[in-house]
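Overview (structure and organization)
Spelled out, the chains give:
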Amino acid sequence: TCALWQLLFRVLSPLPAGNALASIALEVQARLVKSALCSQGYPRLALAQLPEDGSQGSRELLLALSWLLARGPVPEQMLAQTRVPLGDEMTVCQCEALASLGPPAPHMEAEGPVDVRHVQWLMGKLRFRWRQLVSSQQEQCALLSKLLRTLEHESRRLEAVLAWRRAEPVFWQWMDTVLGTCAPEAPAAASQPTFLPWVPECGDGELELVVRELQTLEEELREAVERRRVAWEAKARGCGRGPEWSAARRAFRETVEKELGALQRCWEQDSGPAPAHGPHRLVRREDGAAGDRDLQAAELIRTLRSQEACLEAVLRQLQGQCRQELARLAGALPGLIWIPPPGR
Amino acid sequence: MSIVTVQLGQCGNQIGFEVFDALLSDSHSSQGLCCKRENEAYQASCKERFFSEEENGVPIARAVLVDMEPKVISQTLSKAAQSGRWKYGQHACFCQKQGSGNNWAYGYSVHGPRHEESIMNLIRKEVEKCDSFSGFFIIMSMAGGTGSGIGAFVTQNLQDQYSNSLKMNQIIWPYGTGEVIVQNYNSILTLSHLYRSSDALLVHENDAVHKICAKLMNIKQISFSDINQVLAHQLGSVFQPTYSAESSFHYRRNPLGDLMEHLVPHPEFKMLSIRNVPHMSENSLAYSTFTWAGLLKHLRQMLISNAKMEEGIDWHVRPSLSGPSSLGKMSLNKDLHFNTSIANLVILRGKDVQSADVEGFKDPALYTSWLEPVNAFNVWKTQRAFSKYEKSAVLVSNSQFLVKPLDMIVGKAWNMFAS
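Keep in mind it's a predicted model, so treat the numbers as computed, not measured.

1. Here we look at the overall build of chain B
Broken down by element type, chain B carries 15 helices and 13 strands. Relative to a compact globule of 419 residues, whose C-alpha radius of gyration would be 22 Å, chain B shows 21 Å and is just as compact. Here chain B holds 419 residues, and 58% of them are scored as buried. The contacts of chain B with a sequence gap of at least 6 include a subset with a gap of at least 24, amounting to 80%. Entry remark: accessible area of chain B is about 17,600 Å², with carbon and sulfur atoms responsible for 53%. Once the 38 positive and 38 negative side-chain charges of chain B are each reduced to a mean point, those two points are 2 Å apart.

What follows is the structure, given as structure tokens:
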């Protein structure tokens with residue numbers, strides 16, 4: 001009976017499983033189960049009258065469990081609660097306008113003698129990058145093994161749910177017999193007001209409220225922007241003139257306009273599907289129906305492959321340039337022995 | 001990525017405690033001048049780097065404590081536990097009962113090899129706790145026997161066993177009028193060994209920090225704890241989370257690696273200095289305001305004139321105005337005691353940090369002829385304020401600052417040897 005109380009508690013508890021749950025006393029768990037069942041509209045009174053020490057009532061508890069199982073896909077809900085989020089998610093960013101420029105190209109001396117200390121400096125940087133790469137790979141190994149362990153737990157849970165689904169018909173046949181042995185509940189149960197849980201309805205009323213709040217916010221932001229603009233212009237007026245200043249100002253204005261345009265494009269709903277940005281979950285779907293913000297994996301793969309091809313071409317070009325530069329330097333310093341890296 | 005700290009000797013252990021304490025207090029500070037989500041990201045980044053988590057939630061410092069005497073370690077452990085906010089691992093320390101008698105050779109050749117296995121085991125356990133490991137801090141003094149001798153030995157071992165991990169030694173440069181007679185021998189032996197096995201030597205000068213306590217913080221009776229707290233403040237302002245250059249939405253994953261790549265890739269120039277503005281007692285702080293222009297101007301002059309703090313700066317020292325001829329520049333600079341830099345990293349934290357103008361540090365006259373300012377100078381800017389200072393700036397510099405002190409130590413050591 002205790003085990004059944006604990007099982008019901010685990011099913012009804014909104015928290016994901018953790019060590020904290022195990023330490024809650026049986027009586028507390030039982031009381032929580034009773035109140036949760038009551039708020040969900042469980043009709044049988046006999047359960048509410050059960051003692052909380054786990055001494056009797058296993059049949060009532062079994063009936064409560066099967067009531068819950070009949071109402072909704074409990075095992076699947078519990079699986080979703082403890083789903084491992086890694087491994088089936090990827091971040092997508094299609095915003096080209098806001099993409100950063102990447103690291104600045106390394107400053108290359110056009111001509112002239114190269115100080116060997118500068119070369120030593122660059123070698124040192126390369127060495128550090130190499131060591132960081134090794135550290136990153138070690139980190140990746142450690143995290144992968146952690147991920148593997150978590151996934152193993154999850155697959156065990158999935159197998160358990162599958163086993164349950166296979167055995168389910170037997171369970172319901174048995175529960176019919178259990179229900180049959182119960183005495184029918186007194187009709188006085190109907191007089192007790194059942195506390196149905198209040199499900200907040202997201203009707204139009206809510207939506208209107210949200211719309212109004214957003215409009216007020218937009219007003220406030222507009223005022224704030226106006227104030228800032230006035231203050232900035234006052235400040236900018238005092239910043240002096242001169243050709244460099246106006247040229248700089250023009251450049252600033254252009255960059256800002258570009259960024260603003262990109263941001264507006266991101267937010268505009270009617271300019272077609274917004275470029276995807278942020279984490280997406282990988283879901284296998286048979287029917288091919290895609291939601292609003294859903295992306296086809298094949299399409300994404302194609303885009304990523306073409307980007308990869310472009311980047312590889314750029315990499316090969318840069319490597320070629322580096323090799324040429326190294327060859328030139330090797331020729332320029334006859335006293336030095338150069339050992340180039342193994343060609344690929 | 002996490003950093004494991006090895007605290008060696010009395011100095012190393014006392015300073016180590018102050019560093020962890022300062023880092024955690026700052027990460028929990030409510031005066032960060034940023035939103036709650038930002039603060040949480042900052043806290044999480046700091047915690048992951050320097051602490052590991054236990055079930056009941058008290059962070060455990062990622063540290064190994066080593067000393068040849070039990071007294072300082074037990075004091076350090078209990079001070080941490082008393083704070084209630086963090087602690088050291090239960091089995092993270094190694095001590096003996098003998099001491100090293102300020103004898104470098106005793107630390108390096110006797111204690112080191114004898115206890116090598118135990119010490120390296122402790123370090124390995126701490127490294128294994130890290131999901132992603134970037135490198136080591138080794139905190140040690142140069143003048144004593146334990147910190148210096150065992151420090152050199154341990155660093156060498158770390159080089160062998162963790163060749164891909166980064167190693168930064170936090171070296172305490174002794175007082176010029178220090179009380180250990182053989183401190184100059186110890187210093188030279190330490191530096192020469194460390195130069196081969198360490199990646200970066202971040203030097204903290206006792207004399208400089210002492211002056212900061214006396215002149216800027218107005219502390220009357222300066223204790224080691226005061227000095228160590230200033231030191232910890234300086235380190236914290238470098239290694240607390242900073243934004244990465246590419247995106248201002250994420251804190252940098254590997255500040256130690258980035259710093260080393262910017263400042264010490266050249267194998268012959270590994271020594272770094274650290275200068276921090278402003279420094280003020282808490283009472284005065286309430287009545288002071290700072291501007292970035294003022295702070296950066298002082299910091300730049302401190303760099304050029306090799307001043308250690310923002311008071312008593314020699315404003316006569318200026319970069320030479322002569323042309324790019326390097327020989328001409330060198331002789332002129334020598335006359336003016338101009339401190340030429342190889343590379344500099346400025347880290348700015350606080351209000352309106354984006355408006356701070358660091359152009360003064362990009363002047364080619366500050367740097368050597370073989371490295372242009374675009375490669376030699378880097379700046380990291382973070383909005384979140386550090387440790388009660390609304391604006392703070394720290395400069396980590398690879399420059400000529402230690403030439404004179406080093407000459408002095410070498411000179412004194414030779415004199416003692418030759419006499």
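So much for the structure itself; the text now carries on.
2. Brief notes about the domain arrangement of chain B
Residues and elements named next belong to chain B. For chain B, the assigned domains read domain 1 (2–253) and domain 2 (277–320 + 336–407). Relative placement of domain 1 and domain 2: their C-alpha centres are 24 Å apart. With 33 residues of domain 1 at the contact, the number on the domain 2 side is 27 residues. Of the roughly 2,800 Å² buried at the junction of domain 1 and domain 2 (both faces included), carbon and sulfur atoms supply 66%. Our count for the contact surface shared by domain 1 and domain 2 stands at two salt bridges. A salt bridge links lysine 308 to glutamate 205; its shortest N-O distance comes to 3.8 Å. Ranked by residues supplied to the side of domain 1 that touches domain 2, first place goes to helix α9 (residues 224–239) with seven residues. Residues that form the side of domain 1 that touches domain 2 fall into these classes: 17 nonpolar, eleven polar and five charged.

3. Comments concerning helix α15 (residues 403–418) of chain B
All names here are of chain B. Taking 1.5 Å as the rise per residue, α15 with 16 residues should run 22 Å; its terminal C-alpha atoms sit 22 Å apart, in good agreement. Along α15, the residues classified as buried are Pro405, Ile409 and Ala413. Each buried residue of α15 lies within a common arc of 65° when the element is viewed along its axis, so the set occupies one face. What points out from α15, more than 90 degrees from its buried face, is the exposed set Lys404, Asp407, Trp414, Asn415 and Ala418. Tucked inside the fold, the buried residues of α15 contact β8 (166–173), α7 (183–197) and β9 (200–205).

4. A look at the packing of helix α7 (residues 116–181) of chain A against helix α10 (residues 255–263) of chain B
Running from N to C, α7(A) and α10(B) point in directions that differ by 165°, and their axes come no closer than 9 Å. On the basis of the axis angle, α7(A) is roughly antiparallel to α10(B). Helix-helix and strand crossings are classified by hand; for α7(A) and α10(B) the assignment is right-handed. On α10(B), the residues that touch A:Trp121, A:Lys125, A:Phe128, A:Arg129 and A:Gln132 of α7(A) are B:Gly257, B:Asp258, B:Met260, B:Glu261, B:His262 and B:Leu263.

5. With respect to the pairing of strand β13 (residues 391–399) of chain B
Residue and element names in this part refer to chain B. The buried count for β13 comes to nine of nine residues, which makes it a mostly enclosed element. A two-sided burial pattern is seen for β13, the buried positions comprising Lys391, Ala393, Leu395, Ser397 and Ser399 on one face and Ser392, Val394, Val396 and Asn398 on the other. Examined bridge by bridge, strand β10 (residues 271–277) and β13 share five bridges and lie antiparallel to one another. Looking across to β13, one finds that asparagine 276 is bridged to valine 394.

6. Notes on the packing of aromatic side chains
Aromatic ring pairs are described here by two measures, namely the spacing of the ring centres and the angle between the planes. This model, assessed by the stated rule, comprises 23 aromatic pairs over all chains. Between A:Trp121 and B:Trp370 the ring centres are 6.1 Å apart and the planes differ by 70°, which places this aromatic pair in the edge-to-face class. Here A:Trp121, found in helix α7, pairs with B:Trp370, found in the loop between β11 (341–350) and α14 (373–376), and the two come from separate chains. With respect to burial, A:Trp121 and B:Trp370 carry one shared label: buried. Between A:Phe171 and A:Trp174, the ring centres sit 6.2 Å apart and the planes meet at 65°, which makes this aromatic pair edge-to-face. Of this pair, A:Phe171 and A:Trp174 both sit in helix α7, three residues apart, which is roughly one turn of that helix.

7. Looking at the environment of B:Glu268
With respect to the secondary-structure elements, B:Glu268 resides in the loop between α10 and β10. Considered as a pair, B:Glu268 and B:Tyr195 are 73 residues apart in the sequence and their alpha carbons are 8.2 Å apart. Apart from residues no more than four positions distant in its own chain, B:Glu268 is found in contact with A:Gln120 and B:Tyr195.

8. Brief notes about the side chain of A:Lys125
With respect to the helices and strands, A:Lys125 occurs in helix α7. Buried charged residue A:Lys125 carries no salt bridge. Nearest counter-charge: B:Glu261, at 4.7 Å.

9. Structural notes on the nonpolar core
Residue and element names in this part refer to chain B. Ranked by internal contacts, the top residues of the largest apolar core, which has 75 residues, are Met168, Leu259 and Phe361. The element that contributes the greatest number of residues to this core is helix α12 (residues 292–305), accounting for seven residues. Taken domain by domain, the makeup of this core includes at least three residues from each of domain 1 (2–253) and domain 2 (277–320 + 336–407). The contact partners of phenylalanine 361, leaving out residues within four places of it in the chain, are Leu296, Leu299, Arg300, Leu303, Val346, Leu366, Tyr367, Phe377 and Leu395. By size, the runner-up hydrophobic cluster in this structure holds 32 residues, among which are Val6, Phe133, Met140 and Ile171.

Thresholds applied
- Residues numbered from 1 in each chain as written.
- Chains lettered and ligands numbered in written order.
- Predicted model: local features only at pLDDT ≥ 70, side-chain atom pairs only at ≥ 80, totals over all residues.
- Heavy atoms only, no water.
- Helix = DSSP H or I, 4+ residues; strand = E, 2+ residues; numbered from the N terminus.
- Rg over C-alpha atoms; globule rule 2.2 N^0.38 Å.
- Buried < 20%, exposed > 50% of the residue type's maximum accessible area, 1.4 Å probe, protein only.
- Contact = heavy atoms within 4.5 Å.
- Areas by Shrake-Rupley, 256 points an atom, 1.4 Å probe, with all protein chains shown as cover.
- Lys, Arg positive; Asp, Glu negative; His and termini not counted.
- Charge placed at Lys NZ, Arg CZ, Asp CG, Glu CD.
- Domains from an automatic or database assignment.
- Buried area = accessible area lost by both parts, 1.4 Å probe.
- Salt bridge = Lys/Arg side-chain N within 4 Å of Asp/Glu carboxyl O.
- Nonpolar A, V, L, I, M, F, W, Y, C, P; charged D, E, K, R; others polar.
- Expected span 1.5 Å × (residues − 1).
- Arc of directions from axis to C-beta.
- Axes fitted to C-alpha atoms, helices over the stretch in contact; angles between N-to-C directions.
- Parallel < 35°, antiparallel > 145°, perpendicular 65-115°, else oblique.
- Left-handed = near helix turned anticlockwise from the far one by under 90°.
- Pairing = 2+ DSSP bridges.
- Phe/Tyr/Trp six-rings, centres within 6.5 Å; stacked < 30°, edge-to-face > 60°.
- Core = buried A, V, L, I, M, F, W, Y, C linked by side-chain atoms within 4.5 Å.

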